[in-house]
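# Descriptive structure summary
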Amino acid sequence: MAYDYDDQNIFAKILRGEIPNKTVAETDHTLAFADISPQAPHHVLVIPKGAYVTADHFAADASDAEIVDFWRTFAKIARDLGVTPDTSDGYRMISNAGVHGVQEVPHFHVHIVAGRPLGRMLQAQ
Ligand code: 5GP
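Reference entry: report on the structure contained in this document. (Residues numbered from 1 in each chain as written. Predicted model: local features only at pLDDT ≥ 70, side-chain atom pairs only at ≥ 80, totals over all residues. Heavy atoms only, no water.)

A few words on the layout of surface pockets. Considered as a void within the structure, the largest pocket measures approximately 660 Å³ in volume. Taken together, 28 residues form the lining of the largest pocket, with Asp35, Ile36, Ser37, Leu45 and His111 sitting closest to its centre. Sorting the residues of the lining of the largest pocket by element identifies helix 1 (10–15), strand 2 (30–34), strand 3 (42–48), strand 4 (91–94) and strand 5 (110–114) as the ones contributing at least two each. The biggest single contributor to the lining of the largest pocket is helix 1, with three residues. Each residue belonging to the lining of the largest pocket can be placed in one class, and the counts come to 14 nonpolar, nine polar and five charged. (1 Å grid on protein atoms, 1.4 Å probe; cavity = no way out; pocket = protein on both sides within 12 Å on 5 of 7 lines; lining within 4 Å. Points joined across faces, edges and corners; volume = space filled by probe spheres on them. Helix = DSSP H or I, 4+ residues; strand = E, 2+ residues; numbered from the N terminus. Nonpolar A, V, L, I, M, F, W, Y, C, P; charged D, E, K, R; others polar.)

In structure tokens form, the structure reads like this:
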């Protein structure tokens, strides 16, 4: 089954400039901006400019150039925030997908969350 991309999602509107954002980094293929509802002192969303719904969609269908650009931008942001664990206390990268993943915005994104202890990743059932 193929992904059906909804071009009315919030991040598509941000990419078209219809909704403002606090940009952290921008390249040919990637945009990063502050989450509107930060869950920690640092909370950045990194998104590809292409129309991909989830991480698996992006990894399967994006070009090599898009994929390399995305992850190099991700790394630069983590480094620029000063949160990489080689020099600091680290961060969490999250990418929610679909209903069980509780994905609110159907445009692939990774959250970089940092700046406080984040606890265990999942609650025990
Ligand atoms: P998801 O649950 O899809 O992984 O997370 C979507 C994230 O997008 C949430 O953390 C939410 O706060 C953020 N978000 C939703 N609408 C906007 C918006 O209009 N601007 C920004 N910057 N972030 C948003």
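The antiparallel open sheet is built from five strands, whose spatial order is 1-2-3-5-4. Edge positions in the sheet fall to strand 1 (23–26) and strand 4, since each of these pairs with one other strand and no more. Each adjacent strand pair in this sheet contributes to an overall mean axis angle of 20 degrees, direction not counted. Here three bridges tie strand 1 to strand 2, and the two strands are oriented antiparallel to one another. By the bridge assignment, Ala25 is partnered in strand 2 with Ala32. Contacting strand 1, strand 2, strand 3, strand 4 and strand 5, helix 3 (residues 64–81) crosses the sheet at an angle of about 165 degrees to strand 3. (Pairing = 2+ DSSP bridges. Axes fitted to C-alpha atoms, helices over the stretch in contact; angles between N-to-C directions. Contact = heavy atoms within 4.5 Å.)

As for its placement among the helices and strands, Thr73 is situated in helix 3. Thr73 sits in the buried class, given a relative accessible area of 6%. The residues touching Thr73, leaving out its near neighbours within four places in the chain, are Ala25, Thr27 and Thr30. (Buried < 20%, exposed > 50% of the residue type's maximum accessible area, 1.4 Å probe, protein only.)

With that settled, the discussion passes to the packing of aromatic side chains. Counting across every chain of the model gives eight aromatic pairs. Between Trp71 and Phe74 the ring centres are 5.3 Å apart and the planes differ by 70 degrees, which places this aromatic pair in the edge-to-face class. Linking Trp71 with Phe74, this pair stays in helix 3, spanning three residues, or about one helical turn. Classification of Trp71 as partly exposed rests on a relative accessible area of 35%. For Phe74, a relative accessible area of 8% translates into the label buried. (Phe/Tyr/Trp six-rings, centres within 6.5 Å; stacked < 30°, edge-to-face > 60°.)

Around the ligand sit 16 residues, and of these Ala34, Asp35, Glu104, His109 and His111 come closest. Here Val102 contributes a backbone N or O atom positioned 3.2 Å from an oxygen atom of the ligand. The contact in question runs from an oxygen atom of the ligand to an N or O atom on the backbone of Glu104, over 2.7 Å. For the ligand, the protein covers 87% of the area, taking 530 Å² as the surface of the free molecule. The pocket occupied by the ligand, as judged from atoms lying within 2 Å of grid points, is the largest pocket. At the level of elements, helix 1 and strand 2 are the ones that each hand at least two residues to the shell around the ligand. (Near = heavy atom within 4 Å. Polar contact = N/O pair within 3.5 Å; in protein donor to acceptor, adjacent residues only side chain to side chain. Areas by Shrake-Rupley, 256 points an atom, 1.4 Å probe, with all protein chains shown as cover. Sits in = over half its atoms within 2 Å of the grid points.)

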